[in-house]
Amino acid sequence: MSFFGAAAAQQQQQQQQQAASVPDVELSDPPTDSISALAFCPTADYLAVSSWDGNVRIYEISPTGQSQGKAMYNHDGPVLDVCWSKDGQRLFSAGADKVAKMFDVQTGQSSVVGGHDAPIRSIRWMDMNGGVLVTGSWDKTVKYWDLKQPNPIGTLQLPERCYSMDIAGQLLVAATAERHIITVNLNNPTTIYKRIDSPLKWQTRVVACFPSGDGYAVGSVEGRVAIQYVEDKDSANNFSFKCHRKESSNPKEGTNVYAVNCITFNQQHGTFSTSGSDGSMYFWDKDSKTRLKTFDAASGAVPCTAFNRSGTIFAYAISYDWSKGHSGAVNNHPNKVMLHSLKEDEIKRKPKK
């Protein structure tokens, strides 16, 4: 059963006609290899872009979507994730070189601030206790870093390798190999609060916390998203739905199923986007169980997305997402970041039916 109903055909058509009047703008001088993560600064109009080319780039974005490169620093390997401090003065990155780095916006200098025994897949800023950096690694740990100290101030043991991690308020969620989902109350950061198997049957690709901090969305390689609340008292609101699927032109082949690469929540409205290996993107309202917007299919996979601080720009990358392994990394893959000017009607919640 599909829990999400498409918006009325007429409304969808009107949205597409309006959006078509303002074409999406391509970011100037994009990375030279696959793009792994996007993150807008919370206090200024800067966009950070990490890439498999080993670099992190920072762009200044104008209200009309025009962009200009402002800074770049490197890792000794593919960069897998980026995040900003709450004050926007520091950018953090992590990757296959097993280290976490900090870039100081004021000085323009980067430095190593943490490390693991295996590649670091996810990095987040925790705005508690004066600010703590959190890293999730394939070494099966989450580590907490006080930037004034060289060693972690806490370590959380995971049951498996960290594939995705997110933080909202006092909630940390980590998705690992073998479909484990770990939730942590950050008042007790080195203890697992709850451990469940993913409500989805196939490998987890991404987790994203609700802005309210009482639950999270899970995306899998099998074209499904699950909406999951932390507390059992809210379990009646849990559900899952299919997305990022395409009917084959050959009826004998059935439906082509694609990975859900990224889930990004809009902080103003609590609605969210999904993007996939099929190059499609959607906006959703989990509370009314409604699909708000369908984008025209991109020219390649969409590995990551981000909303800016005011919720007026939606950035999305078009590049190879490694969903088909090394053999799929052919030379003609597109490699770019697009900036979509958001209209409130595209992303705001719809009344419950």
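Since the model is a prediction, treat every value here as computed from it, not as a measurement.

Turning next to the overall build of the protein. Along its length, the protein carries two helices and 31 strands. A compact globule built from 353 residues would reach a C-alpha radius of gyration of about 20 Å, and the protein, at 19 Å, matches this within 12%. Counting over 353 residues, the protein shows a buried share of 53%. When contacts within the protein are restricted to residue pairs at least 6 apart in sequence, those whose partners lie at least 24 apart make up 46%. Looking at charge distribution, the protein has the averaged site of its 36 positive side-chain charges lying 5 Å from that of its 35 negative ones.

Take the environment of His244 next. Structurally, His244 can be placed in the loop between strand S22 (239-242) and strand S23 (245-247). What makes His244 buried here is its relative accessible area of 1%. Sequence separation between His244 and Val221 is 23 residues, and the spatial gap between their C-alpha atoms is 9.8 Å. With residues up to four places along the chain from it excluded, the contact list for His244 reads Gly223, Asn256, Val257, Tyr258, Val260, Thr274, Ser275, Gly276, Asp278, Ser280, Met281 and Tyr282. A polar side-chain atom of His244 sits 2.9 Å from a polar atom in the side chain of Thr274. Within the structure, the side chain of His244 is placed 2.8 Å from the side chain of Ser280, a separation counted as a polar contact.

On to the sheet that holds strand S2 (residues 25-26), then. If you trace the four strands from one edge of the open sheet to the other, you get S2-S31-S30-S29, paired in antiparallel fashion. At either end of the open sheet lies a strand with only one pairing partner, and these are S2 and strand S29 (305-307). Strand direction decides the pairing type here: strand S30 (residues 313-318) and strand S31 (residues 336-341), joined by six bridges, are antiparallel. Among the inter-strand pairings, Tyr316 is bridged to a residue of S31, identified as Met338.

Okay, the pattern of salt bridges next. Inspection of every chain in the model, using the stated rule, returns 16 salt bridges. Notably, a salt bridge pairs Arg309 with Asp45, separated by 3.3 Å at the nearest N-O pair. Taken together, the residues Arg309 in the loop between S29 and S30 and Asp45 in the loop between strand S3 (35-40) and strand S4 (46-51) connect sequence positions 264 residues apart. With relative accessibility at 36%, the residue Asp45 sits in the partly exposed group. A single salt-bridge network, built from bridges that share partners, covers Asp81, Arg124 and Asp166.

Turning next to the sheet that holds strand S10 (residues 110-115). Pairing within the open sheet is antiparallel, and its four strands lie in the order S7-S8-S9-S10. The open sheet terminates on both sides in strands that have one partner only, identified here as strand S7 (79-84) and S10. Pairwise comparison of adjacent strand axes, ignoring direction, gives a mean angle of 25 degrees for this sheet. Note: strand S8 (residues 90-95) against strand S9 (residues 99-104), five bridges, orientation antiparallel.

Here Asp29 lies in the loop between S2 and S3. Exposure remark for Asp29: the relative accessible area of 64% places this residue in the exposed category. In this structure the C-alpha to C-alpha distance between Asp29 and Gln68, which are 39 residues apart in sequence, comes to 8.3 Å. If near-sequence neighbours (up to four positions away) are discounted, Asp29 is found in contact with Arg57 and Tyr59.

All right, on to the pairing of S22 then. Only one face of S22 is covered, namely the face carrying Phe239 and Phe241; the face carrying Ser240 and Lys242 is uncovered. Bridge count for strand S21 (residues 224-229) against S22 is four bridges, and the pairing is antiparallel. Considered in S22, the bridge of Val225 is made with Phe241.

A few words now on the packing of aromatic side chains. On inspection of all chains with the given rule, the structure shows 15 aromatic pairs. Judged by centre distance (5.0 Å) and plane angle (85 degrees), the rings of Phe283 and Phe314 are edge-to-face. Residue Phe283 is located in strand S27 (residues 281-285), and its partner Phe314 is located in strand S30; the two are separated by 31 residues in the primary sequence. Judged on exposure class, the residue Phe283 and its partner Phe314 are both buried. Within the aromatic cluster, the residues linked to one another by ring pairs are Phe283, Phe295, Phe307, Phe314 and Tyr316. The ring of Phe239 is capped by Lys289, whose NZ or CZ atom sits 4.6 Å from the centre of that ring. A cation sits over an aromatic face here: Lys293 above Phe295, 4.8 Å from the ring centre.

Moving on, we get to the side chain of Ser50. Mapping Ser50 onto the fold places it in strand S4. Of note is the side chain of Ser50, whose polar atom sits 2.7 Å from the side chain of Ser36. For Ser50, the residues in contact, after removing those within four places along its chain, are Ser34, Ile35, Ser36, Ala37, Asn55, Val56, Val79, Leu80, Asp81 and Val82.

Rules of the game
Residues numbered from 1 in each chain as written. Predicted model: local features only at pLDDT ≥ 70, side-chain atom pairs only at ≥ 80, totals over all residues. Heavy atoms only, no water. Helix = DSSP H or I, 4+ residues; strand = E, 2+ residues; numbered from the N terminus. Rg over C-alpha atoms; globule rule 2.2 N^0.38 Å. Buried < 20%, exposed > 50% of the residue type's maximum accessible area, 1.4 Å probe, protein only. Contact = heavy atoms within 4.5 Å. Lys, Arg positive; Asp, Glu negative; His and termini not counted. Charge placed at Lys NZ, Arg CZ, Asp CG, Glu CD. Polar contact = N/O pair within 3.5 Å; in protein donor to acceptor, adjacent residues only side chain to side chain. Pairing = 2+ DSSP bridges. Salt bridge = Lys/Arg side-chain N within 4 Å of Asp/Glu carboxyl O. Axes fitted to C-alpha atoms, helices over the stretch in contact; angles between N-to-C directions. Phe/Tyr/Trp six-rings, centres within 6.5 Å; stacked < 30°, edge-to-face > 60°. Lys NZ or Arg CZ within 6 Å of the ring centre and 35° of its normal.

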